[in-house]
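So the chains spell out like this:
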Amino acid sequence: MCISAAEATFSGTTLYAGRRNHPDHGLIHVIGYQNTAENLSAGPNAMVLHLPAVHMTPDHFIDIGRDADILERMVDAVRPVPASAPTVMDWMGDDDETRAVHVFEHDVYTVVMASDPALIPAALGQVPPHRRPALTPELFAFYAERYPTHTIALCCFDNARAQRAKPLLMWYEPLDAGQLALPALDCHTGGAPDLEAEVEVDHWVLFGTDEASGLWGEVVDYRVGMRHRLREFLPDTVVGRRFEGAMPNGDFVVDHEDLLIGGLDAVRRVGPA
């Protein structure tokens with residue numbers, strides 16, 4: 001489950017979205033993303049993530065240090081729960097600083113991040129040549145049309161073999177504080193995704209919030225000695241499930257209030273407006 005700048009395969013995907021009342025940043029959302037990427041193109045490649053953020057800088061990417069297994073620990077927390085019937089999801093169609101482009105290194109990626117996708121191609125010159133992908137105009141025209149208010153992160157990589165990277169963990173002020181959203185559009189050809197298609201999924205989807213009751217979710221067993229600066233962004237409990245099979249192309253979204261009441265039963269699969 002991912003959008004790539006050229007032909008690639010992605011496996012072992014884990015997605016996390018959480019809502020936190022952070023002591024320094026206030027009400028924020030946190031997204032975690034991890035997979036194994038295999039570049040099938042002749043040159044460099046990239047993953048593209050669209051994030052429902054008001055504004056982001058490199059400081060919004062969280063350093064996980066030695067805790068590269070944080071998403072695995074969340075999966076472990078929910079894995080023993082007996083699987084229920086597959087969830088039926090609804091398909092829904094419904095200034096200079098903020099326009100800045102940021103280029104920076106994060107684990108195996110060189111990240112190009114912008115609030116306007118039209119600015120990304122011109123910034124590729126700042127990406128090292130061995131990680132600089134060739135971009136198709138139709139892909140970024142798609143993002144400009146369908147996600148004009150989102151922050152776009154182009155995560156460039158050069159690994160020819162499948163490689164399990166550390167999780168990407170990001171915090172941001174959300175466009176809609178009442179809705180948690182996970183970028184989950186699927187297209188591995190370098191072109192724009194087909195919004196009418198069904199796509200094969202095989203991944204874990206996780207949600208967390210610090211506003212739930214004591215009986216909500218499953219407790220996550222984090223590493224003893226985790227840095228407090230990282231722990232402040234992570235949930236005590238999570239709900240999650242492995243989703244498999246054919247599903248409509250789109251993102252995973254859930255209203256926060258519905259998540260507190262209905263858990264994963266409230267999650268929807270949603271296309272861009």
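Residues numbered from 1 in each chain as written. Predicted model: local features only at pLDDT ≥ 70, side-chain atom pairs only at ≥ 80, totals over all residues. Heavy atoms only, no water.

(A) A look at the overall build of the protein chain. When you go through the protein chain residue by residue, the secondary structure sums to 5 helices and 16 strands. Compactness check: the protein chain gives a C-alpha radius of gyration of 18 Å against a globular reference of 19 Å for 273 residues, within 12% of the reference. Once the C-alpha set of the protein chain is aligned to its principal axes, its extents read approximately 50 × 40 × 40 Å. Evaluated residue by residue, the protein chain yields a buried proportion of 53% over its 273 residues. (Helix = DSSP H or I, 4+ residues; strand = E, 2+ residues; numbered from the N terminus. Rg over C-alpha atoms; globule rule 2.2 N^0.38 Å. Buried < 20%, exposed > 50% of the residue type's maximum accessible area, 1.4 Å probe, protein only.)

(B) View of the pattern of salt bridges. Enumeration according to the criterion identifies 9 salt bridges in this entry. Residue Asp76 is joined to Arg79 by a salt bridge in which the shortest nitrogen-to-oxygen separation is 3.6 Å. Exposure remark for Asp76: the relative accessible area of 47% places this residue in the partly exposed category. On the basis of relative accessibility, which here comes to 46%, the residue Arg79 falls in the partly exposed class. A salt bridge links Arg242 to Asp202, with the shortest nitrogen-to-oxygen separation between them at 2.9 Å. Residue Arg242 is found in strand β14 (residues 237–248), and its partner Asp202 is found in strand β12 (residues 198–209); the two are separated by 40 residues along the sequence. Judged by relative accessible area, Arg242 falls into the partly exposed class, the value being 40%. Through salt bridges with shared partners, a single network forms among Asp202, Arg242 and Glu244. (Salt bridge = Lys/Arg side-chain N within 4 Å of Asp/Glu carboxyl O.)

(C) Inspection of helix α1 (residues 70–78) at higher detail. All of the buried residues along α1 are Ile70, Leu71, Met74, Val75, Ala77 and Val78. For α1, the angular spread of the buried residues around the axis is 155 degrees, confining them to a single face. Lining the buried residues of α1 we find β2 (8–22), β3 (26–39), β10 (168–172), β12, β13 (218–219) and β14. (Arc of directions from axis to C-beta. Contact = heavy atoms within 4.5 Å.)

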